[in-house]
Amino acid sequence: MAERAPGDAPVAGEPPAVGGGGGATDLASSEGEELEPGPGTSGPVPGDRPRSLWSDAWHDLRRNPVFIVSGLLILFLVVISLWPSLIATRNPLSCQLDKSLDPAAPGHWFGFDTQGCDVYTRVVYGARTSVTVGVCSTLGVALAGSVLGGLAGFFGGWWDALLSRLTDIFFGIPIMLGGLVFLSMTGSRSVWTVVAFIVLLGWPQIARIARGAVISAKQNDYVQAARALGAGNYRMLVRHILPNAVAPVIVTATIALGTYIALEATLSYLGVGLQPPTVSWGADISDASQGMQFRNAPHILLYPAAALSLTVLAFIMLGDAVRDALDPKLR
Amino acid sequence: MPVGRYVIRRLLQMIPVFIGTTFLIFVMVYAVGDPVNAMFGDRAPDPATAAQLRAEFNLDKPVWQQYLLYMGHIFTGDFGNAFNGQPVTELMGTAFPITLRLAVIAIVFEVIVGIVLGVVTGLRRGRPVDSSVLMLTLVVISVPTFVTGTLAQYLLGVKWGWIQPAVSPEAPADELILPGLVLALLSLAYVTRLTRTSIAENSRADYVRTALAKGLPRSRVTVRHLLRNSLIPVVTFLGTDVGNLMAGALVTERIFNIQGVGFQLWQGIVRQNSPTVVGFVTILVIVFLLANLFVDLLYAVLDPRIRYA
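**Student:** Sorry if this is basic, but what is going on with the overall build of chain A here?
**Tutor:** For chain A, the helix and strand inventory stands at eleven helices and zero strands. Ordered by position from N to C terminus, the α and β elements of chain A give α-α-α-α-α-α-α-α-α-α-α. For chain A, with 331 residues in total, the buried portion stands at 50%. The contacts in chain A between residues at least 6 apart in sequence include a share of 73% that link residues at least 24 apart.

Structure, rendered in structure tokens:
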């Protein structure tokens, strides 16, 4: 059977993990070399005990400007998602219709939208929605995918055959088409409906990667040795296979996080994602383009668009940096 | 080499996937939503009329029976009628050529711009050109297509007035250039990155050094030796990219009011016109599966290291 193409049938709207192999490595290494190694800490001291993949990765990440910038941005996003009132004192749902489409005014730096809501407040509260959808979907996808895929890879047999056919079927549905069909049929949609949908269509991607990682870890000599020494299934999985198979899952999941945020926004833009009163950047951009209202009030389009793009960028940059740090082939 | 047997086996493997995928979509549309109620909007339908409609569209039978009936019709080329009586095939006949035109424009952009950028950066790994193009691709990947499209429409169509902000119903090719570029951007970034990685890896290969040592000019080595071998992953990416293009077309067609497949599909969903939705999605899934099959075959032909077994 012919090998699959690199990128292994990427689900629509999601980047094939292999897409930019080497991505920001060069950015990192070209600038990283000029950095002085930090005083003391875990620099490569001669005679030091060899570092694990994880401390090695952490060592790389701390010196990667891409990671630092995206990390700070994400930290900020998480903080304002948890406590939006820290920087926005108004209520995103209390609007004054007589202020519809008004430009920026003192105390309302981003102006007002069609409904007369404060754009700044809505942009701040939109972060909570996006971060919640991104983080929860990724956790769900990673958990479901790695458990199902990992078990299939470990035990093989009919369970593996069944799972492989099932992932084939799910890969046959481009995720955006599936979203349009599935979500439009559900009456009212909350953040959790969208998360559930993403997990439903997203898990096969991680399952394939986890399955492959477990199969290749299983064939290592030390795992065979542990088996020969009488280790049980549980011990084999938890002590020997899991630590060696988890890196590719983490890499794929981190990159996927950014794309899930973009996916939610796109679905909301198409009108099959989140509904009011949930504040969503995608839905706000859709409102702004309704009948090209941005023609006279570009601020209602530009601010949510900038916030969304910056958020997705931060997570994709993080994923890129994590991949470079964890991929041993790039060492 | 038994290429024929391999093709047949792959086609056979596609059958259960096709059945599973279409059934999943069918169940979602017909079991979760109620198309007859949707036809009447907010008013409650007259029970007799509703029953008659249900019988006419086979909606009174169990889902698996509806599915079999529907699939039987499809294989005779009958996609049924939309709820307003227009045959779905008629809608497809006008919508598909438009989307095809849009997709071809997008693919031309992807191939030409993506490969040129990829070669330029791949040959200058680590230089400023390389770093800035890489960062740029990361930004392009991060900005969702609907944002790029809306911004392009605002800036070029409304603010500066370079183009018509909406495409006319016939959608001639020259009006589709900007929407095509918007549709292409995401994949263009991937093609750039893929070509770059591939070129950078292969430029250190022995055969390149040999060709240069023989005294061939660098440009000839790049085009005839290096590029030919580096494009294999790119060609296969373009095949799997069909799914991305479909998702992008949904968004792009809505923004620029292009009456293609994405537009019709979206209309079908907004109006809960199930025959249209299932018909279009079924065709798109077939296209997607065939594209993936084609890629597998092409990959095996282009890269002789891969054997049919």
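**Student:** Help me understand the overall build of chain B in this model?
**Tutor:** The secondary structure content of chain B amounts to 14 helices and zero strands. Across chain B, helices and strands are ordered from the amino to the carboxyl terminus as α-α-α-α-α-α-α-α-α-α-α-α-α-α. Burial analysis of chain B (309 residues in total) assigns 43% to the buried set. Considering only contacts within chain B whose residues lie at least 6 apart along the sequence, 74% involve residues at least 24 apart.

**Student:** Even after reading the chapter, I still don't get the packing of helix α5 (residues 88-123) of chain B against helix α8 (residues 177-202) of chain B, so can you show me in this structure?
**Tutor:** In helix packing, the relevant descriptors are the interaxial angle and the interaxial distance, both defined with respect to the helix axes. All names here are of chain B. Between α5 and α8, the least distance of the axes is 6 Å, while the angle of their chain directions is 35 degrees. Read as a crossing pair, α5 and α8 show a hand that is right-handed. The class makeup of the residues in the contact of α5 with α8 is 19 nonpolar, eight polar and two charged.

**Student:** Honestly, helix α12 (residues 242-256) of chain B in this entry has me stumped. Any pointers?
**Tutor:** At 3.6 residues per turn, the α-helix brings residues three or four places apart onto the same side. Residue and element names in this part refer to chain B. A rise of 1.5 Å per residue sets the reference length of α12, with its 15 residues, at 21 Å; its end C-alpha atoms lie 20 Å apart and thus fit the reference within 8%. Considering bend angle alone, the principal kink of α12 is centred on A249 and spans about 25 degrees. Burial of α12 is extensive: 15 of the 15 residues sit out of reach of the surface. Immediately downstream of α12, the backbone of N257 shows phi near 60 degrees, a positive value.

**Student:** Teacher, can you tell me more about the environment of B:I15 here?
**Tutor:** Structurally, the position occupied by B:I15 is in helix α1 (residues 3-32). Along the sequence, B:I15 and B:F237 sit 222 residues apart, while their C-alpha atoms lie 23 Å from each other.

**Student:** Before we go on, may I ask you to explain the environment of A:W192 in this structure?
**Tutor:** All names here are of chain A. Mapped onto the elements of the fold, W192 is located in helix α7 (residues 191-218). On the basis of neighbour counts, which here come to 11 C-beta atoms within 10 Å, the residue W192 falls in the exposed class. On a C-alpha basis, the gap between W192 and S137 in space is 9.1 Å, while along the polypeptide they are 55 residues apart.

**Student:** I keep staring at the packing of helix α11 (residues 299-326) of chain A against helix α6 (residues 128-142) of chain B and nothing clicks. Help me out?
**Tutor:** Between α11(A) and α6(B), whose axes approach to 8 Å, the crossing angle comes to 125 degrees. For the element pair α11(A) / α6(B), the angle class is oblique. As α11(A) packs across α6(B), the resulting crossing turns out to be right-handed. For the pair formed by α11(A) and α6(B), the contact residues are A:S309, A:V312, A:L313, A:I316, A:M317 and A:D320 on the first element and B:L138, B:V139, B:I141 and B:S142 on the second. In the contact of α11(A) with α6(B), the residues fall into seven nonpolar, two polar and one charged.

**Student:** Which parts of the structure should I look at to understand the nonpolar core?
**Tutor:** Considering soluble globular proteins, one finds that nonpolar side chains tend to be buried as a cluster. By size, the foremost hydrophobic cluster in this structure holds 157 residues, and its most contacted members are A:L180, A:V181 and B:L250. For this core, the element with the highest residue contribution is α11(A), accounting for 17 residues. When near neighbours in sequence (up to four residues on either side) are disregarded, B:L250 contacts A:M176, A:L180, A:L270, B:G262, B:L265 and B:W266.

The rules behind the values
- Residues numbered from 1 in each chain as written.
- Chains lettered and ligands numbered in written order.
- Predicted model: local features only at pLDDT ≥ 70, side-chain atom pairs only at ≥ 80, totals over all residues.
- Helix = DSSP H or I, 4+ residues; strand = E, 2+ residues; numbered from the N terminus.
- Buried ≥ 20, exposed ≤ 12 C-beta atoms within 10 Å, placed from the backbone.
- Contact = placed C-beta atoms within 7 Å.
- Axes fitted to C-alpha atoms, helices over the stretch in contact; angles between N-to-C directions.
- Left-handed = near helix turned anticlockwise from the far one by under 90°.
- Nonpolar A, V, L, I, M, F, W, Y, C, P; charged D, E, K, R; others polar.
- Expected span 1.5 Å × (residues − 1).
- Bend = angle between axes of the 7 residues up to and from the residue.
- Parallel < 35°, antiparallel > 145°, perpendicular 65-115°, else oblique.
- Core = buried A, V, L, I, M, F, W, Y, C linked by C-beta atoms within 7 Å.

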